Each structure stands twice: as C-alpha cells, then as structure tokens.
Amino acid sequence: MSLPATMPDHDEHHARNDTVDLDVWRGSEHSMALYADIFAALPDPIALVDRGCRLLAANPAFLAAIALEPGASTGRPFMELCGASALTTLVYRHLGTCLDQEQAIVEDWLETTDSGIRREHEVRLRPCRDAQGGVGGIVIELRDVTAIREAERRLLQSAAVYAATSEGVLITDPEGIVVAVNAAFTQITGYSEAEILGRKPSLLNAQWHSRGFFVSLWRRLLRQGSWQGEIWNRRKNGEIYRQRLTIRRVLDPRGKPVNFVGLFAERTASSSTPRLAEHLIHYDALTKLPNRLLFESRLDHAIELGRRKESPLALFIVDLDHFSHINASLGYQIGDDLLRAIGLRLRETIRPSDTLARLRADQFALLFEEIDETEEVVLIANRLKMLMSAPVWIRGHQLHVNLSIGIAVSTELREDRRALMANAESALRQVKRQGRNGFKILASAPDQVAREHQRLLDRLRAALGTPELQLHYRPGMDMSTETFDSVTVSIHWESPELGVITQERLLPLAEESGLILELGDWMLTQACRQLQDWIDRRLKIKRLVVEIGEVQLTRGDLARTLAQRLEDYPAAATRLDLEFSERLLVKHREQIAEVFQGLNELGVGICLGEVGIGWTAPAVLQRLPIRTLKIHSSFIEALPDAHHELAVVEALIAMAQALGLEIRADGVRTKEQQYQLLSIGCLKAQGDLFGEPLSAAQFESWLDPQPVPKKPAPLGN
C-alpha cells in the first residue's frame, strides 16, 4: 500500500477542480511511514483506484466497510473486491465523468446489512492527478450519514409541524429574548415575526396577573423544567384573551439552558353554531364569566344539593364602589379592562368548585357551597377585601378599587333562590348606606325571608297606578347623520322604602306575583298615551319601541288589547313599534306568526330584539311582517376587538340587507364601536354612548333644549 510523500498544497488543490495528485500515493517508504498512522486513523473509509478501477490503496476503515482483510486487496479490480453491489454500480457509473471530465461526484449509497439494518452513506468521488497533471485515478471517500439523515428528516418534519400547527409557538434565548415564532403565533396575537423578534414576550402581557403569579411561574419553570396553565394576554389590537400555555426549558448536554419554548392555544368557545349560541346565552361577553342566567341555574342546583346534604351555602354579591367615576374620567375601555381584571382576581381566590359570575355592569356574584360556619364566611369576605387592597394597573393607570359585599347564608332547608338573592341584595344596600367598602351577612330564618319577600310583592301591587312606577325613555340614533331617530321604553320603580328596583329585578317579581299582564298592559297604555301627547305637541318622535314579554304574548290577546288602546290614542299607531325577543320567535313560532299578522293590520311596527343568539332562519324572517332586527347587546359589548362576535354581527347585517330589513345595534358604549358598526353597514344604534334612560320630562328637555337667555346689555350713560 503506497501512501503520500507530501500533502498537496491547499490552494493548488482547489485550483485543480477538487483533484488529488496521484504521485503522493506512490511516494517513498519514508513518506509511507510518515503518514501511515494518520491515514490508518481516519474514521471515514478512504480508497484510491486507478483508471482501470483497480484498488491502489485503502485505509482500514474502507477495508472493513467492504469486508476485506488488509494486504489481500491491492491491485485487484474494484468489482472483484466489492462484487455487483450498489457501491460498485455507483463507482463505475461515474468513472468516465471523474476521469475524462475531471468532475467531483457526491451521491448517496443505501446499504442493507446482513442483519437487515439499513445504513445510509455519502459517497464522494474525486479525480486524482499524476506528476504530468493528468488524471490517473479516483479517490473514493465513504461517510456513514445514517444518523445525520435521520436527524435531517426529523428536523424537516418538525419544521413542517412547526409551520403548520394551529398552536402558537414562541422560542426565546436564555435571556428571554424572542428568537423564533411560527405563523400561528402571528395569526393568534396579530404581531408579525419582524415585530416580535429581538423583544421579550412581556410585549403580550395583558397586565391582569399579579407579580406573584409570574414569580411562581418562573420558579416552577426553573425548578421542574416546564410550566402549564392558563394565562391572559393582549393581542396587538388591544383585545384581551385567555390562552392555554405550556413552557418548556431546553438544556444543552452540560445542563445549561439554551432556549425556552412556549406553546399556546387560544381558549374559545366551539365555533359550531349550537355550542356558540349556548355559550353566548350563558356567558358574559366582556369577562367570559357565567352570566346571571347561568348563575341562577347553578344557585338553584346548589340549594337543592345543600338540602340533600344538609350543608349550608353562602351567596356573595360584590359591587365595585364608584365604578361609574372610572368610566366617566378614564373612559369605557379602561372600565372594561378593569372589570376583566377584577373578574380574574376574584377567580384566583376561589376554589374550583365555587362559582363566580358577572350579574350586571359592575356587580359580581360568588357562590360557596358546603360552608362549615359563619366564621368561614367572614374569612372569605376579609380575603376578598385584602385582595382589592393592592392596586390594579390598567393601561398605565394605577387604580384603587374598594368592594361593597352583601352576603346571604342559607341556614334552613326551605330557603329558595329568590330569598337568598333578596337577602344578599338587602345586605349590599345596607353596606352602601353605611359608607361602602365593607360587608354584611344576613342569615334570616325562613319565616322572616318569606315575610320580606311577601312585603316586596305587596309593595309592587301598591305601586301600580302610583308615581312610584314610571316609564323611562332611552334615545336611539342614526349614526350616519348623528340624529335622534327612535326611543325605547323601560319601566322604573323607585320605592321610598326599598329604593330603586331595576327592571331586571322588577319583571321577575311581577311574574311571580301574577302582575305581569297587568304591569305589561299598564306599560303599553302609558307608552301610547305619552306618544300621543308628544305627537300632539309636534315633538319629533319617529318611533317609540315597547318591549313585549312572553306572558303578554302567550296569555293575553295582545292584538285586541292594543287595538283598544289605539282607539284612545289613534296617532300612536303609525309611530309605535313592539319589540319581541328572538327567543320567543323560536319558542312560539306558530302563535307569534298570528300575533304579528294582527299587529301588522293595526299598522304597528314589529322589532325582533336580542337577535343573534336564537339563530332564526332567514326564510322564517322573510315570511313575517318584521320591520327591524336589533342585534343582541352581548355581541356589541365585545366589539371592536372580538373576532367571533364581529363575524356574527357582519353576518346579521348582511342578512338584514338581503331581506330589506332595518338593522339596529343595542348596547353601543364607545366611539370605536360606533365607527366599526358604521364601517360594516349598521347605521342605527342605541346605548350609553347616546344617552341613559330618562324620565318623560328629562327626555323632552334632552330632545328640545331651551336656549339660555342672553344677559341684557348694560345701558349707556
């Protein structure tokens, strides 16, 4: 076996088109002795063949690769040594290219061993020059690349999954600087790769979590190597959303962190129509907490379970003190973010088995089951107050929030939901009268609860026909011209003894007491009388909208009752709209069609309210004499940043336009919502942005403000 006497110059090697000088393989014995150990120690198989493809030299690794013993191979043809193998075919196929065209060849050779194991090799064929500069042979280099190719395939597969997965992926270096994100990250967060690379993930922070939350997260991540849980983040457009997040630490062979990988998915309701509708009916659009409807259902279940187990429960109604001041001074966006942050804080303090809900604007409810004793209720109330002692940071504003808490504890088996809710509300009113920022517990005996509830019903009966009950009027606007175009009626009860009772509380009381038909008829009569009066006085009232309840629809002869009222107030017919919830249309389709036809014959307009959660088919709407669709306020409250709600609103607007119906948005509170609705084709709306419910006198002043008289000019001397 001949070894090189000298190694070829590096530059000359490249200048000769990746060829090897053949004379270095035919050097002296001195050269062979000098380089034998190096040649033999090379881990990759290397061999030299001449122009006739006879083996001139081979290192032990090559001989082992072709299963030959040293010393018995020199000078023998390559085909004789390797047989009709894939390697032989590869060498002979490229022999002419290397020798005559002086080109280097790189190709893969797949080998299957006798034991059935597949090995992948990279074969390099390089021309080898002699002393005269001609190509006298070929150097053959083999490299086992099985592990490398497998790693490459895994990398390609990982890259494909990384790019195609619907879950967002974010990778940082050990210092927490973002070094890579995938396409799903951009789709979920709204930030492009260029906007996030080189920055820290805190860019996504919604500022809803306390500092302790993140300290705990990182402590667990550094100790255990991973963290998994739910977290609230903020998209680029400002929308707050909840995500399921998994973070893993990546270590090098020495155990030193080299990367942190975050994998997250947005936690949303199912996109299927039935489940989405179910979610919208039972969950608050702003905070994603259970709403009053779902909370009352869970409270009923908890009371029944408590009876069977003979274990008490506690109901907390939590009110944010002076929340309206925050809305007025900082705007609704800050107020909305604060409500979300308070909801998150409250959730973090309760057990998984406890229930938290948002009842209305700034009022939350908590339900604690299997309470052992009153002392435990006091501990919970103090914990909630301590929770609010820390400031809340919202968009750079440091806010301090106090809570007023009314608590009802069930002590007897005969208590029901209404009694507990009444007790908690009564306790809350007492806290507010005593200066707010505190709590009070009421645990009435069943007889006392029944007496209090009956007293409330008696007061309602006595209030009918008195000034305690009044209609209030909320203006609706044509947003394209910013002009008043309608007014919606609501009922208002202000008792000297009980204070203000909201319509949401009043109507269930009226149903329970059997006064709902009488109250509905009174409301309709008063609305017609007021509308007639405004028309006679030439006030610019285009439409007056009165909401009709289920009992009025199913138990009363609504069309006949209204016809009698219109005999007394005939001018009201052409400017009166009656509003029916879309859920009534779904529930009483046959009956409502007959009622609608009777109302249409009277010339009264029909508005379908709370549209979007019932998913009424367009074909049904087309057959009924409906004039207006009013989009449910839960969709509007979530705008402008909620993509699912926006898609529903756009679909409803498109449907209304296709059917030739007027479309109106309910619950508009911000200019951003107004501008977005205008941009997608909804021109009419009502909500806090355009005015709160007003008494008749207040509404007239709002509608036709009197000019302030000018001061007389001083008389000259």
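Residues numbered from 1 in each chain as written. Predicted model: local features only at pLDDT ≥ 70, side-chain atom pairs only at ≥ 80, totals over all residues. Heavy atoms only, no water.

### Remarks on the overall build of the chain
To keep things clear, this is the line we draw: Helix and strand assignments follow DSSP, with helices taken as H or I runs no shorter than four residues and strands as E runs no shorter than two, numbered in order from the N terminus. Relative accessibility decides the category of a residue: with a 1.4 Å probe and only protein chains considered, values under 20% of the type maximum give buried, values over 50% give exposed, and everything between is partly exposed. Contact criterion: two residues are considered in contact whenever any of their non-hydrogen atoms come within 4.5 Å of each other. Calculation of accessible area relied on Shrake-Rupley with a 1.4 Å probe; when residues are assessed, cover is drawn exclusively from the protein chains displayed.
Scanning the chain from terminus to terminus reveals 28 helices and 27 strands. In the chain, which comprises 717 residues, the proportion classed as buried is 47%. Here the contacts in the chain between residues at least 6 apart in sequence split such that 60% fall between residues at least 24 apart. Total accessible area on the chain is roughly 36,000 Å²; 51% of this is exposed by carbon and sulfur atoms.

### Details of unusual backbone geometry
Residue His322 is not a glycine yet carries a positive backbone phi of 55 degrees. Here His322 shows up in the loop between strand S12 (314-320) and helix H13 (323-330). When its relative accessible area of 44% is taken as the criterion, His322 is described as partly exposed. For Glu482, which is not a glycine, the phi torsion comes out positive at approximately 55 degrees.

### A word on helix H5 (residues 86-93)
The cut-off we apply is this: This arc describes the spread of directions from the helix axis toward the C-beta atoms.
Those residues of H5 not exposed but buried are Leu87, Thr88, Leu90 and Val91. The arc enclosing the buried residues of H5, seen along the axis, measures out at 160 degrees, which places them on a common side. Of the surrounding elements, those touching the buried residues of H5 are helix H4 (78-82), helix H6 (95-100), strand S4 (105-112), strand S5 (118-129) and strand S6 (135-144).

### Quick notes on the sheet that holds strand S14 (residues 363-368)
Definition in use: At least two DSSP bridges between two strands are required for those strands to pair. Lines are fitted to the C-alpha atoms to define the axes, a helix being fitted only along its stretch in contact, and any angle between axes, read from their N-to-C directions, falls within 0 to 180 degrees.
As summarised here, the arrangement of the five strands in space is S13-S14-S12-S17-S18, forming an open sheet in which the pairing is mixed. Every interior strand has two partners, whereas the edge strands, strand S13 (355-360) and strand S18 (439-442), have only one. The mean inter-strand angle of the sheet, taken between neighbouring strand axes irrespective of direction, is 20 degrees. Of the strand pairs in this sheet, S12 and S14 are connected by six bridges, and their pairing is antiparallel. Looking across to S14, one finds that Leu315 is bridged to Leu367. Sitting on the sheet, helix H12 (residues 292-309) touches S12, S13 and S14, and the angle it makes with S14 is about 20 degrees.

### Quick look at helix H28 (residues 696-703)
Buried residues of H28: Ala696, Phe699 and Glu700, and no others. Each buried residue of H28 sits inside an arc of 100 degrees when the element is viewed along its axis, so together they form one side. For H28, the secondary structure elements touched by its buried residues are strand S19 (469-478), strand S20 (483-495) and helix H19 (516-536).

### With respect to the nonpolar core
We apply this condition: Residues belong to a common nonpolar core when they are buried Ala, Val, Leu, Ile, Met, Phe, Trp, Tyr or Cys residues joined through side-chain atoms within 4.5 Å.
By size, the foremost hydrophobic cluster in this structure holds 85 residues, and its most contacted members are Leu544, Leu578, Phe580 and Leu629. Broken down by element, this core gets its largest block of residues, ten residues, from H19. If we ignore the near neighbours within four places in the chain, the residues touching Leu629 are Leu608, Val611, Leu621, Met655, Ala656, Leu661, Glu662, Ile663 and Arg664. Core analysis: the second largest hydrophobic core is formed by 33 residues, Leu286, Ala341, Leu356 and Met388 among them.

### Remarks on the confidence of the model for the chain
So the rule is basically this: Here pLDDT means the predictor's own confidence in every residue, given as a number from 0 to 100.
On average, residues of the chain score 80 in pLDDT, and 84% of them are at 70 or above. The low-confidence segment residues 1-17 (pLDDT under 50) makes 37 contacts with residues lying over four places distant or belonging to another chain. Confidence drops under pLDDT 50 across residues 27-32; counting only partners more than four residues distant or on other chains, this segment forms eight contacts.

### So, the pattern of salt bridges
For the record, the criterion: Think of a salt bridge as a Lys or Arg side-chain nitrogen and an Asp or Glu carboxyl oxygen that are within 4 Å of each other.
Evaluated as defined, the whole model comprises 33 salt bridges. Linking Lys432 and Asp319 is a salt bridge whose minimum nitrogen-to-oxygen distance equals 2.7 Å. Here Lys432, found in helix H16 (residues 417-433), pairs with Asp319, found in strand S12; they are 113 residues apart in sequence, far enough to count as distant. Classification of Lys432 as partly exposed rests on a relative accessible area of 27%. Because the salt bridges share partners, they merge into one network encompassing Arg234, Asp337, Arg340 and Arg395.

### Description of the pairing of S12
With seven of seven residues buried, S12 is to be regarded as a mostly interior element. A two-sided burial pattern is seen for S12, the buried positions comprising Ala314, Phe316, Val318 and Leu320 on one face and Leu315, Ile317 and Asp319 on the other. Pairing between S12 and strand S17 (residues 403-409): seven bridges, direction antiparallel. In the strand pairing of S17, Ile317 is matched with Gly406.

### Points about the environment of Val668
Structurally, Val668 is set in the loop between strand S26 (662-666) and helix H27 (671-679). Once residues lying within four places of it in the same chain are set aside, the contact partners of Val668 are Ile636, Gln673, Gln674, Leu677, Ala685, Gln686, Gly687, Asp688, Leu689 and Phe690.

### Overview of the pairing of S6
Counting buried positions along S6 yields seven of ten residues, so the element is predominantly enclosed. In terms of strand pairing, strand S2 (residues 46-50) meets S6 through five bridges, oriented antiparallel. Considered in S6, the bridge of Val49 is made with Ile138. One ladder, built from nine bridges, connects S5 with S6; its direction is antiparallel. In the strand pairing of S6, Pro127 is matched with Ile138. Linking two consecutive strands that pair antiparallel, namely S5 and S6, is a turn of five residues; a positive phi of about 90 degrees is found at Gly133 within it.

### Description of the packing of aromatic side chains
This is how the line gets drawn: Within 6.5 Å between ring centres, the rings of Phe, Tyr and Trp (the latter by its six-membered ring) count as paired, and their orientation is classed by plane angle as stacked under 30 degrees, edge-to-face over 60, tilted in between.
For the structure shown, the criterion picks out eleven aromatic pairs. Judged by centre distance (5.9 Å) and plane angle (80 degrees), the ring pair of Phe185 and Phe264 falls under edge-to-face. A residue pair is termed long-range when its members are at least 10 positions apart, and Phe185 in helix H8 (residues 183-189) and Phe264 in strand S11 (residues 257-266) qualify at 79 residues. This pair shows no difference in class: Phe185 is buried, exactly as Phe264 is. Measuring from ring centre to ring centre gives 5.0 Å for Tyr473 and Trp534, while their planes differ by 65 degrees; the resulting arrangement is edge-to-face. With Tyr473 in strand S19 and Trp534 in helix H19, this residue pair connects regions lying 61 residues apart in the sequence. Residue class for Tyr473 comes out buried when judged on its relative accessible area of 2%.

### Let's talk about the side chain of Gln673
So the rule is basically this: Polar contact is the term for a pair of N or O atoms within 3.5 Å; when the atoms are in protein, one must be able to donate a hydrogen and the other to accept it, and sequence-neighboring residues count only if both atoms are side-chain atoms.
Secondary-structure assignment places Gln673 in helix H27. A residue is classified by how much of its surface remains accessible, and Gln673, at 1% relative accessible area, is buried. A distance of 2.8 Å separates a polar side-chain atom of Gln673 from the backbone nitrogen of Arg669. For Gln673, the residues in contact, after removing those within four places along its chain, are Ile636, Glu637, Leu639, Pro640, Gly667 and Val668.

### Observations regarding the side chain of Thr488
Position of Thr488 among the secondary structure elements: in strand S20. Note on Thr488: relative accessible area 13%, which makes it buried.

### Some thoughts on the environment of Trp522
Within the secondary structure layout, Trp522 lies in helix H19. In this structure Trp522 comes out as buried when scored by relative accessible area, which is 17%. The spacing of Trp522 and Gly465 is 57 residues in sequence and 8.4 Å in space, taken between C-alpha atoms. When sequence neighbours within four positions are dropped, the list of residues in contact with Trp522 reads Gly465, Leu469, Gln470, Leu471 and Ile491.

### Regarding the packing of helix H14 (residues 332-349) against helix H15 (residues 374-389)
Cut-off, in case you're wondering: Note on angle classes: values under 35 degrees are labelled roughly parallel, values over 145 roughly antiparallel, values of 65 to 115 roughly perpendicular, and the remainder oblique. Crossing handedness: left-handed means the near helix sits turned counterclockwise from the far one by under a right angle, and right-handed means the same turn made clockwise. The classification used treats Ala, Val, Leu, Ile, Met, Phe, Trp, Tyr, Cys and Pro as nonpolar, Asp, Glu, Lys and Arg as charged, and all other residues, Gly among them, as polar.
Their axes nearest at 11 Å, the elements H14 and H15 cross at an angle of 135 degrees. Looking at the two axes, H14 sits oblique to H15. Crossing angle aside, the handedness with which H14 passes H15 is right-handed. Every residue of H15 that contacts H14 at Ile342, Arg345, Leu346 and Thr349 is listed here: Arg383, Leu384, Leu387 and Met388. Its residues placed into classes, the contact of H14 with H15 shows five nonpolar, one polar and two charged.

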